[in-house]
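Single-letter residue listing:
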Amino acid sequence: MNLGLSRTSSVLSKNTSKKRTALIVGAGVAGPVLAYFLHRYGVQPVVVERASHLRKGGQVLDLRETAAREVVQRMGIANAIRENLSGEKGVHLVDRNGRIQATFRSDDFGGKGFISDIEILRDRLVNILYDHTHRNVEYVFDDHPLSINDQENHVQVTFASGKSRDFDLVIGADGIQSKTRRLVFSNKTQKHYLGLNIAYFTIPRSPSDNEWGRWYNAPRGRTIILRPDNQGTTRVLLLFRSSDHGYENLNIDEKKAALQKHYHDAGFEISRILRELENTSEFYFETAVQINMDRWSQGRVALVGDAAYGTTANGFGTSKAFIGAYLLAGEIGRSQNHTEAFKQYEDLMRPFVNKTQNMFPLALRITAPETKTGIFVRNALLTAVSKLLNTRLGAKMSQSKPTESGNVLPDYDSLLLR
C-alpha cells in the first residue's frame, strides 16, 4: 500500500548532543515499538504502564500492511512473531445452521485479506515486544501520570505513586481511551461514535471448532465470529449495530445482560456462546469510536497509535501502531527540535491515517449488514469472490503482490548508535 511517506528523511545526521529522555505512557504495542527505536536513535525511554504487569488475554491481532511488516523486520522480531502465530487457516462464512457459504484462506489476497497470514494473540505480541526491549528500556508498572506540565524546556510529570520526574518529551501510547490525551488535549479531541458495539471473550473449544474461523451474520446488524487460537480455546467476537452508545457506561453484568438480550434468537451457535459468556473470566466490551484530532502534539507532548488516531475494529490498529511509532521515533532522533520532529511525523503519517479511517463505513457494511436482504446480497458477492479465488486465474491474482513504488518508509539507519 502506498502510505504517502516521503523519502526526504532518508539522509540523516547522527546526534552528538546529550541524551534526551522520553516518557512513554502505555506498554501495549505502540509504546514498546517507540521505545525500541528511540533507544536505537540515542533517546533514553521510560515506559510507564497503569497495569501491575503486562496485560494478559485479548483477541487476535493482524499485521496486514507492508510498511508495518517492514518495521517488524527492522526490529528483528519477524521470526519470533512467525513462531507464535495463532494457527488460523482462514475463515468460513456460514449460515444460521453453520453451513459454509464461502471460504477465504489466510494466504488469499497476498496474505492481506479477511484473515491475514500474520495473526497473533495480543498478549503473545506484547510479550515479544517486552522481551525485545526491557534490557534497554526502563519499564515502570502499576503507575500512571496524574498531571503533565509542559515547562517549555522540559515536562514535569507527577505520577499516581506520588513520584515526580522531569522528561524532555512525553508520548501518549495509552490506547483509544488515552489518559494522556485527556490530560493534555481534552479540548482538541473529537470522539466520533461509529454505531457499533463489540464484545470479546474466550470460551472452551468444542468439537465444532477447528483451525478455521467462522463468521455468521444475523439481522439487526448482529455478527458472530468464532476464531481458533493456539491455546486450546476459542475467541469470540460479538458485534452489533446500535445508535445508542451508552453501553460503555454499564458494569460487566449489565453488559453481559445486554448481549443476552440482543443475541438470544440469533441462531448459529449462540446458545453455546451465551452459556459460556456467563462463565468467562476474560471479557472485554467496547463501543466503537474514532478519534479525530487536528494535531497530535502540543509543546513537548505527542500521541501515537490509537491514542492519536484510533478507530475501533477497523483492522488497521496494529499496523498503525507499528508504523506511527517507527516514524515518530525516527523524526525525534533526526531532529533536536521536537516541534519540527512532531510536525514531520504528522506529515508522514496523516495520509495513511486518513485513508484507513475513511474505509470504516464500507467495512461496517461488509461486516455487519442490518437486514436479511443486506446479508443475502453480501453473502452472494463474497461467495462469488470465494469461487473465483478457487479458480487457477483467481488464485494467481490473489497470490500476486502489488508493486509498491515511489513512497516507502524513511530510512533512519544513519541514526543508529555506533
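The model shown is predicted, which means the values in this text are computed figures rather than measured ones. (Residues numbered from 1 in each chain as written. Predicted model: local features only at pLDDT ≥ 70, side-chain atom pairs only at ≥ 80, totals over all residues. Heavy atoms only, no water.)

### Quick notes on the sheet that holds strand β11 (residues 169-172)
Read from one edge of the open sheet, six strands run β7-β2-β1-β11-β18-β17, paired in mixed fashion. Each of the sheet's edge strands pairs with one partner strand only, and the pair in question is β7 (138-141) and β17 (297-298). Note that strand β1 (residues 20-25) and strand β2 (residues 43-49) share six bridges and pair parallel. From the neighbouring strand, isoleucine 24 faces β2, where its bridge partner is valine 47. (Pairing = 2+ DSSP bridges. Helix = DSSP H or I, 4+ residues; strand = E, 2+ residues; numbered from the N terminus.)

### Comments concerning the nonpolar core
Judged by nonpolar contacts, the single largest core of 76 residues is most densely connected at Val304 and Phe322. Among the elements that line this core, the one with the most residues is helix α9 (residues 317-334), at nine residues. Leu226, Leu259, Ile270 and Leu274 belong to the second largest nonpolar core, which has 23 residues in total. (Core = buried A, V, L, I, M, F, W, Y, C linked by side-chain atoms within 4.5 Å. Buried < 20%, exposed > 50% of the residue type's maximum accessible area, 1.4 Å probe, protein only.)

### Overview of empty space enclosed by the protein
Per the counting criterion, the structure on display carries two cavities of 30 Å³ or more. Lining of the largest cavity is provided by Ala27, Gly28, Glu49, His53, Leu54, Arg55, Arg122 and Val126. Broken down by class, the residue content of the lining of the largest cavity amounts to three nonpolar, two polar and three charged. Each pocket or cavity is described by its volume, and for the second largest cavity that value is around 30 Å³. Looking at the second largest cavity, the residues that line it are Asp209, Asn210, Trp212, Arg214, Leu226, Arg227, Pro228 and Thr234. Listing elements by their share of the lining of the second largest cavity, those giving two or more residues are β13 (212-218) and β14 (222-228). In terms of residue count, the dominant contributor to the lining of the second largest cavity is β14 (three residues). (1 Å grid on protein atoms, 1.4 Å probe; cavity = no way out; pocket = protein on both sides within 12 Å on 5 of 7 lines; lining within 4 Å. Points joined across faces, edges and corners; volume = space filled by probe spheres on them. Nonpolar A, V, L, I, M, F, W, Y, C, P; charged D, E, K, R; others polar.)

### Details of the packing of helix α2 (residues 66-75) against α9
α9 packs onto α2 with a crossing angle of 60° between their chain directions and a minimal axis gap of 8 Å. When the axis of α2 is compared with that of α9, the two are oblique. With respect to the hand of their crossing, α2 and α9 are arranged in left-handed fashion. Of the residues in α9, those in contact with Ala67, Ala68, Val71, Val72, Arg74 and Met75 of α2 are Ser319, Phe322, Ile323 and Tyr326. The residue makeup of the contact of α2 with α9, split by class, is eight nonpolar, one polar and one charged. (Axes fitted to C-alpha atoms, helices over the stretch in contact; angles between N-to-C directions. Parallel < 35°, antiparallel > 145°, perpendicular 65-115°, else oblique. Left-handed = near helix turned anticlockwise from the far one by under 90°. Contact = heavy atoms within 4.5 Å.)

### Things to note about the environment of isoleucine 148
Here isoleucine 148 is to be found in strand β8 (residues 145-150). Isoleucine 148 gets classed as buried once you look at its relative accessible area, which sits at 12%. Taking the C-alpha atoms as reference, isoleucine 148 lies 8.0 Å from threonine 180; in sequence the two are 32 residues apart. Setting aside residues up to four positions removed in sequence, isoleucine 148 forms contacts with Val155, Gln156, Val170, Thr180, Leu183, Val184 and Val301.

### Some details on the UniProt feature "transmembrane region" (unreviewed entry) in the protein
Mapped onto this structure's residue numbering, the UniProt feature "transmembrane region" (unreviewed entry) falls at residues 21-38. Across residues 21-38, the secondary structure splits into 50% helix and 28% strand, with the terminal C-alpha atoms separated by 9 Å. (UniProt positions renumbered as here; feature names shortened; annotations may be inferred.)

### Brief notes about α9
Here α9 contains 18 residues, and its C-alpha end-to-end distance of 25 Å stays within 8% of the 26 Å for a straight helix at 1.5 Å per residue. Burial of α9 is extensive: 16 of the 18 residues sit out of reach of the surface. (Expected span 1.5 Å × (residues − 1).)

### Brief notes about the layout of surface pockets
The calculated volume of the second largest pocket comes to roughly 280 Å³. As for the second largest pocket, its lining consists of 17 residues, and the residues nearest its centre are Arg96, Tyr216, Asn217, Ile375 and Asn379. Elements supplying a minimum of two residues to the lining of the second largest pocket: β4 (90-94), β13 and α12 (372-389). A class-by-class count of the residues in the lining of the second largest pocket yields nine nonpolar, four polar and four charged.

### Things to note about unusual backbone geometry
Residue aspartate 142 is not a glycine yet carries a positive backbone phi of 60°. Residue position: aspartate 142 is located in the loop between β7 and β8. Here the phi dihedral of phenylalanine 268 falls at roughly 60°; this positive angle occurs in a residue that is not glycine.

### Side note on the pattern of salt bridges
By the definition in use, this model includes 22 salt bridges. The residue arginine 74 makes a salt bridge to glutamate 70 at a minimum N-O spacing of 2.9 Å. Here the residue arginine 74 and the residue glutamate 70 both occupy positions in helix α2, the gap between them amounting to four residues, near one helical turn. In this structure, lysine 343 and aspartate 347 form a salt bridge, with 2.8 Å as the shortest nitrogen-oxygen distance. Placement of both lysine 343 and aspartate 347 in helix α10 (residues 338-358) is noted, with a separation of four residues, approximately one turn of the helix. Among the ionic contacts, a cluster of salt bridges with common partners joins Arg205, Asp229, Arg235 and Glu282. (Salt bridge = Lys/Arg side-chain N within 4 Å of Asp/Glu carboxyl O.)

### Brief notes about the environment of glycine 162
In this fold, glycine 162 is placed in the loop between β9 (155-159) and β10 (164-167). Along the primary structure glycine 162 and leucine 146 are separated by 16 residues, whereas in three dimensions their C-alpha atoms are 9.0 Å apart.

### Focus: the sheet that holds β10
What the three strands build is an open sheet, ordered β8-β9-β10; its pairing is antiparallel. Two strands bound the open sheet, and with one partner strand each, they are β8 and β10. With direction set aside, neighbouring strand axes in the sheet form an average angle of 20°. With five bridges connecting them, β8 and β9 associate as antiparallel partners. Of the residues in β9, the one forming a bridge with proline 145 is phenylalanine 159.

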